[in-house]
Amino acid sequence: MSDQVTAAAYAGPVLAADGTLLKDRLNKTMRRRKLIAAGLVLPLGAFVFITFMFPIILMLYRSVDNPVVHDNMPQTVAALEYWDGQGIPGEEAFAAMVADLVQARKSKEIGRVATRLNFEMSGVRSVLTGTARKAKNMKAPFKDALIAANDLWGERELWVTIKRMAKPFTASQYLAAVDMRFDIDNNMVMQDEDRQIYVTIFGRTLWISLLVSVMCLLLGYPVAYLLATLPLKYSNLLMIMVLLPFWTSLLVRTTSWIVLLQTNGVINDLMVWTGIISEEGRIQMIYNQMGTVIAMTHILLPFMVLPLYSVMKTIPPSYMRAALSLGANPVTSFVRVYAPQTVPGIGAGSLLVFILSIGYYITPALVGGRTGQMISNFIAFHMQKSLNWGLAAALGGILLVGVLFLYWAYSKIVGVDNMKLG
Amino acid sequence: MANPDDPLVRFIEVQKSYDGEILVVKNLNLDIARGEFLTMLGPSGSGKTTCLMMLAGFEPATHGEITLDGTSINNLAPHKRGIGMVFQNYALFPHMTVAENLAFPLEVRKMGKSDIEAKVKRALDMVQLGDFGHRRPAQLSGGQQQRVAVARALVFDPELVLMDEPLGALDKQLREQMQYEIKHIHESLGVTVVYVTHDQSEALTMSNRVAVFNDGVIQQLAPPDELYEKPNNAFVAQFIGENNKLMGKVTAMNGKNCTVEVDGGGPVQAFNVKAGAVGEAASLSLRPERVEINPPDGKYPNVFNGKVEELIYLGDHIRSRVNVCGHDDFIVKVPNATGHPQLSKGSDVRVGWTVEDCRALDVYEGP
């Protein structure tokens, strides 16, 4: 038997004792293990796909999906297909439009079509719904009939907009999300000055997130250091105090900040009472950006402390001692020996806090006022109030890409392997 | 500048307590001479590392004074003491290369760039790691890291270097090799070394003097040979090397010698070191290689009958466990020399030893 194996080694592919290929044999024995491993991750994998990946894919699809006009005005779409976009289209397009309006009114889809077009060109909704009511009784020539119903039907812009919206997919939501639009010649241009909003909000979101991350780092670093260096009986107590906010409802914590920070709140009262500020000089600390930053820093602090702590705990005290014994003063020792070793914790904590803040919703909604609103609040607005889900999806998509980009940049600069979360 | 004959380091009545209840170091007085290699040896918890930490400045002395070069360093911050230190886990900075590690103490001393380069190179050559300057500590083997740690502690030319069990993490062979290397570096540089270990062979190999610690007290401070051959008390006799312990009661005193009636045996003539008065309990310490099997009649005053219980062949010698005077853990090392007595298990033998090799000591019951 062993002769056979040795001989096989010279002859080419290695054979197992029973003469089958050793590779096949190995695969066979490993297959069971692989199946078990796959079985173990399957439930979670399916859960994550259904509740996480799938909705995200759906949302991203929705941000470019544009079915309303395409599906509900098929004749107009067909008629406009070969229109060059100059002047106004011919009679057949107007006829198709009247037919589609009649049909859409009958199927009660006219509202959706009007709303969708209204997102692109404000004021169109009433034109469409109004015309649709009269469309049934319209006679040829339809061009004159429509223009008679509303002057806007004679405008080139309306027809260009309809032709643009006729495509089943569109980038217009993404353009809107970065304060841009298509002009009458289908060029991408900036939105009018007074209608620009999202770029500012994105900028503010990044700024607030950065500020919160820096504040968390400044406040969390000393705490994490204490946690890692104190004797166990004290550090346990401290750890509980760090984790305590985790066990308290987010809503309770946020509202208690309102109690503390409002103009007639505890802190202002205290400062007036001690004479630091005058009665008229009460500081507005909430319902603005300051309120958002303070409350979010408080809420996200543990996400900074824990990664820092887990890194610091692995740094033996002998490093600092070695630096001291080599003649470096305590500050130099800390800066040159201790701090560089905490970089993985700083990176992990900052990234975590930053990514969490970038999508933060509830706190800015409660204490942000007007100037403390972040992009998530606008996403929520478009989901719930304006019902412009496409725009909400586009805003969310940009946010997602931004976070992925940050993660990519982090892994390039610091290295993901260097990140330590716990 | 102090007189070169004065000790470099003095511990004067130093006490240390961490909790205010238990003294970890009890009234320590110790002078360390310039250029000396002094080892603090003892079991864990004996206070030796605490002494080292007080000398390095990481732990304050609760009472007493520590002087370095004639001046008190009780209130001197660690980084101003100028003492090199090698740590148990090496404590090489992982984010710096080997060369940067070595340059660190020179940079914080604001030395010139070219001076630093020259000194780093010299230090690396000293530990035979000339080509490893650009590597990270993690890319080195344990022995190489150890060498870098030694080089780093020496690169800024300190007068005094402390080593806290530096070889503990190495395997046996490497440890022995490093012992010689450290010893040679010490000899060639003339630096004063205070070395802490719980490994007695390490202490005996490297030191000029060894301070045996137990229970916060130096039990004996002596050169290695004296420590082994002339232990002052039962703890040292048992802690250093292999030792036969015979318990008994002092029955007579005659000058430097005494007679001890061994429990279950007979009267043994012994050299009185620390035995109590007549009638008090004492322990006898006898090195296994100082016992002769079947000696010629009249050669030794102490001759007893015994029975071989066990034989272990160890190449250069044969370890024989013999039942003597009612003690069945009596070890005799029979050298594997030409014409050595042939023993067999269960055979009856006679064992004998001199008065000087049998030291009457106090009774140490162990912790």
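Residues numbered from 1 in each chain as written. Chains lettered and ligands numbered in written order. Predicted model: local features only at pLDDT ≥ 70, side-chain atom pairs only at ≥ 80, totals over all residues. Heavy atoms only, no water.

Draft legend 1. Spotlight on the sheet that holds strand 6 (residues 84–86) of chain B. Residues and elements named next belong to chain B. Spatially, 6 strands are ordered 6-7-8-3-9-10 in an open sheet, and the strand pairing comes out mixed. The open sheet has two edge strands, strand 6 and strand 10 (217–222), and neither has a second partner. Going from strand to strand, the sheet's axes swing by 15° on average, the running direction of each strand aside. Pairing between strand 6 and strand 7 (residues 160–164): 3 bridges, direction parallel. For Val-86, the partnering residue across the bridge sits in strand 7 and is Met-163. Helix-sheet contacts for helix 4 (residues 142–154) involve strand 6 and strand 7, and the interaxial angle to strand 6 is about 165°. (Pairing = 2+ DSSP bridges. Helix = DSSP H or I, 4+ residues; strand = E, 2+ residues; numbered from the N terminus. Axes fitted to C-alpha atoms, helices over the stretch in contact; angles between N-to-C directions. Contact = heavy atoms within 4.5 Å.)

Draft legend 2. Spotlight on the packing of aromatic side chains. Inspection of every chain in the model, using the stated rule, returns 19 aromatic pairs over all chains. Between Phe-334 of chain A and Tyr-338 of chain A the ring centres are 5.4 Å apart and the planes differ by 20°, which places this aromatic pair in the stacked class. In this pair, Phe-334 of chain A and Tyr-338 of chain A both sit in helix 17 (residues 330–341), 4 residues apart, roughly one turn of the helix. Centroid distance Phe-37 of chain B to Tyr-195 of chain B: 5.6 Å. Interplanar angle 35°. Geometry classified as tilted. Residue Phe-37 of chain B is found in strand 3 (residues 37–41), and its partner Tyr-195 of chain B is found in strand 8 (residues 192–197); the two are separated by 158 residues along the sequence. Accessibility classification places Phe-37 of chain B together with Tyr-195 of chain B in one group, the buried group. Put simply, the rings of Tyr-221, Tyr-225, Phe-334 and Tyr-338 of chain A touch in pairs and so form one group of aromatic residues. The ring of Phe-93 of chain B carries the charged tip of Arg-152 of chain B above its face, separated from the ring centre by 4.5 Å. We note Arg-287 of chain B situated over the ring of Tyr-228 of chain B; from NZ or CZ to the ring centre the distance is 4.1 Å. (Phe/Tyr/Trp six-rings, centres within 6.5 Å; stacked < 30°, edge-to-face > 60°. Buried < 20%, exposed > 50% of the residue type's maximum accessible area, 1.4 Å probe, protein only. Lys NZ or Arg CZ within 6 Å of the ring centre and 35° of its normal.)

Draft legend 3. Looking closely at the domain arrangement of chain B. Residue and element names in this part refer to chain B. Each assigned domain of chain B is listed with its residue range as follows: domain 1 (9–229) and domain 2 (234–361). Both faces combined, the contact of domain 1 with domain 2 buries some 1,000 Å², and carbon together with sulfur accounts for 65% of it. Sorting the residues of domain 1 by area buried against domain 2 places Gln-200, Tyr-228 and Glu-229 first, and these three jointly supply 52% of that buried surface. Our count for the domain 1 to domain 2 interface comes out at 0 salt bridges. Here domain 1 and domain 2 share 4 residue pairs in polar contact (both at pLDDT 80 or more) between them. Elements represented by at least two residues in the side of domain 1 that touches domain 2 include exactly helix 6 (200–206), strand 9 (209–214), strand 10 and helix 7 (224–229). For the side of domain 1 that touches domain 2, the per-class residue count stands at 7 nonpolar, 6 polar and 1 charged. (Domains from an automatic or database assignment. Buried area = accessible area lost by both parts, 1.4 Å probe. Salt bridge = Lys/Arg side-chain N within 4 Å of Asp/Glu carboxyl O. Polar contact = N/O pair within 3.5 Å; in protein donor to acceptor, adjacent residues only side chain to side chain. Nonpolar A, V, L, I, M, F, W, Y, C, P; charged D, E, K, R; others polar.)

Draft legend 4. Layout of a positive patch on the surface. All names here are of chain A. Taken together, the side chains of Arg-105, Lys-106, Lys-108, Arg-133, Lys-134 and Lys-136 define a basic patch exposed on the protein surface. Looking at the positive patch, the elements with two or more residues in it are helix 5 (91–106) and helix 7 (124–135). Counting through the fold element by element, Lys-108 comes out in the loop between helix 5 and helix 6 (110–120). (Patch = residues over 30% accessible without salt bridge, like charges linked within 9 Å, V, L, I, M, F, W, Y side chains within 5 Å. Areas by Shrake-Rupley, 256 points an atom, 1.4 Å probe, with all protein chains shown as cover. Lys, Arg positive; Asp, Glu negative; His and termini not counted. Charge placed at Lys NZ, Arg CZ, Asp CG, Glu CD.)

Draft legend 5. Broad picture of the interface of chain B and chain A. Listed per partner, the contact involves 22 residues of chain B and 18 residues of chain A. Both sides of the chain B and chain A interface together cover about 1,800 Å² of buried area, and 67% of this is carbon and sulfur. The interface formed by chain B and chain A includes 1 salt bridge. Taking the shortest distance from any N to any O, the salt bridge between Glu-107 of chain B and Arg-336 of chain A comes out at 2.9 Å. Taken together, the connections running from chain B to chain A amount to 4 residue pairs in polar contact (both at pLDDT 80 or more). Here the side of chain B that touches chain A takes 3 residues from helix 2 (residues 98–107) of chain B, the largest share from any one element. Here the side of chain B that touches chain A is composed, by residue class, of 15 nonpolar, 3 polar and 4 charged.

Draft legend 6. How the structure looks around helix 2 (residues 22–64) of chain A. Between its terminal C-alpha atoms helix 2 of chain A stretches only 52 Å, short of the 63 Å expected from 43 residues at 1.5 Å a residue. Along helix 2 of chain A, the sharpest kink reaches roughly 40°, centred on Phe-49 of chain A. (Expected span 1.5 Å × (residues − 1). Bend = angle between axes of the 7 residues up to and from the residue.)

Draft legend 7. Here's a closer look at a nonpolar patch on the surface. A contiguous nonpolar surface patch, about 1,000 Å² in accessible area, is contributed by Leu-44, Phe-47, Val-48, Phe-49, Ile-50, Phe-52, Met-53, Phe-54, Ile-57 and Leu-58 of chain A. Residue position: Leu-58 of chain A is located in helix 2.

Draft legend 8. Representation of the sheet that holds strand 11 (residues 244–254) of chain B in the model. Residues and elements named next belong to chain B. The sheet built from 5 strands closes into a barrel, its strands ordered 11-12-13-20-14 with mixed pairing. With direction set aside, neighbouring strand axes in the sheet form an average angle of 55°. As judged from the 3 bridges shared by strand 14 (residues 281–286) and strand 20 (residues 359–361), these two strands associate in the antiparallel manner. For Ser-285, the partnering residue across the bridge sits in strand 20 and is Arg-359.

Draft legend 9. View of a negative patch on the surface. Residues and elements named next belong to chain B. A grouping of Asp-225, Glu-226, Glu-229 and Glu-289 is seen on the molecular surface, where their side chains present a negatively charged patch. When you line up the elements, Glu-226 lands in helix 7. Classification of Glu-226 by relative accessible area gives partly exposed; the value is 37%.

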